[in-house]
Amino acid sequence: GESVGLHLPTLSVQEGDNSIINCAYSNSASDYFIWYKQESGKGPQFIIDIRSNMDKRQGQRVTVLLNKTVKHLSLQIAATQPGDSAVYFCAERVAGNMLTFGGGTRLMVKP
Amino acid sequence: DAEITQSPRHKITETGRQVTLACHQTWNHNNMFWYRQDLGHGLRLIHYSYGVHDTNKGEVSDGYSVSRSNTEDLPLTLESAASSQTSVYFCASTRDSTSTEAFFGQGTRLTVV
């Protein structure tokens, strides 16, 4: 079936550097793509979303890019901080307000 | 503050037993969801509900059931627990069908021995 996946399972960055987390999707019918952050022992937490008719959206220190031509989604985190260490999931919203999640990327921030 | 809570946080049960995991939200959200999280699979949808008395099967619904008798609660029942159902279970809710922001509980770690 169609699914959302991630290229890299683990990303290690130096504190203060920018982080880029990538995700590939296959369902062209999704109307929104969303990024969630999951800290150890907690449930996922919404970060930012992007509508399928947009190619870029910025939030506080985060930017999501959507390339529909190659079905690619990325999350950029500026000036990565230790508090950004977590597992990041991309998700897509399909019919009926359901979310389909990718496998997750672990971001490790080195001090 | 409004919140979504799951109980218990940890549960160990034996194969074949019936187990019910509780989920309670105080946002008055219509939509509620149950996911399981396993290494290598991310989060997979088990069941979901769009309102009172409404329930629907998700991607991995076999062996699970839910009921929605009020807006606040969506308990998840494992009819006859199996070792393959050892996992971390997350409940989530969204305000309505236009919302992309799901609010998740803290999760329940279930071990079936």
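Residues numbered from 1 in each chain as written. Chains lettered and ligands numbered in written order. Predicted model: local features only at pLDDT ≥ 70, side-chain atom pairs only at ≥ 80, totals over all residues. Heavy atoms only, no water.

Draft legend 1. Examining the overall build of chain A more closely. Scanning chain A for helices and strands turns up zero helices and eleven strands. Sequence-ordered secondary structure for chain A, helices as α and strands as β, is β-β-β-β-β-β-β-β-β-β-β. By principal-axis analysis of the C-alpha atoms, chain A measures approximately 40 × 30 × 20 Å. Here chain A, with 111 residues, has 43% of them falling under the buried criterion. Put simply, 52% of the contacts in chain A that link residues at least 6 apart link residues at least 24 apart. Placing the 11 positive and 9 negative side-chain charges of chain A at their respective mean positions leaves the two points 1 Å apart. (Helix = DSSP H or I, 4+ residues; strand = E, 2+ residues; numbered from the N terminus. Buried < 20%, exposed > 50% of the residue type's maximum accessible area, 1.4 Å probe, protein only. Contact = heavy atoms within 4.5 Å. Lys, Arg positive; Asp, Glu negative; His and termini not counted. Charge placed at Lys NZ, Arg CZ, Asp CG, Glu CD.)

Draft legend 2. Inspection of the environment of Gly 51 of chain B at higher detail. Residue and element names in this part refer to chain B. Its location among the elements puts Gly 51 in strand E5 (residues 42–51). Exposure remark for Gly 51: the relative accessible area of 13% places this residue in the buried category. Considered as a pair, Gly 51 and Met 32 are 19 residues apart in the sequence and their alpha carbons are 8.0 Å apart. Once residues lying within four places of it in the same chain are set aside, the contact partners of Gly 51 are Asn 30 and Arg 68.

Draft legend 3. A look at the interface of chain B and chain A. The partner chain A presents 19 residues to the 22 residues of chain B that form the contact. A combined buried area of about 1600 Å² lies between chain B and chain A, and 53% of that area is made up of carbon and sulfur atoms. Counting across the interface, chain B meets chain A through zero salt bridges. The interface formed by chain B and chain A contains eight residue pairs in polar contact (both at pLDDT 80 or more). For the side of chain B that touches chain A, the secondary-structure elements that each account for two or more residues are strand E4 (31–38), E5 and strand E9 (87–94) of chain B. Among the elements that make up the side of chain B that touches chain A, the one with the highest residue count is E5 of chain B (five residues). Broken down by class, the residue content of the side of chain B that touches chain A amounts to nine nonpolar, ten polar and three charged. (Buried area = accessible area lost by both parts, 1.4 Å probe. Salt bridge = Lys/Arg side-chain N within 4 Å of Asp/Glu carboxyl O. Polar contact = N/O pair within 3.5 Å; in protein donor to acceptor, adjacent residues only side chain to side chain. Nonpolar A, V, L, I, M, F, W, Y, C, P; charged D, E, K, R; others polar.)

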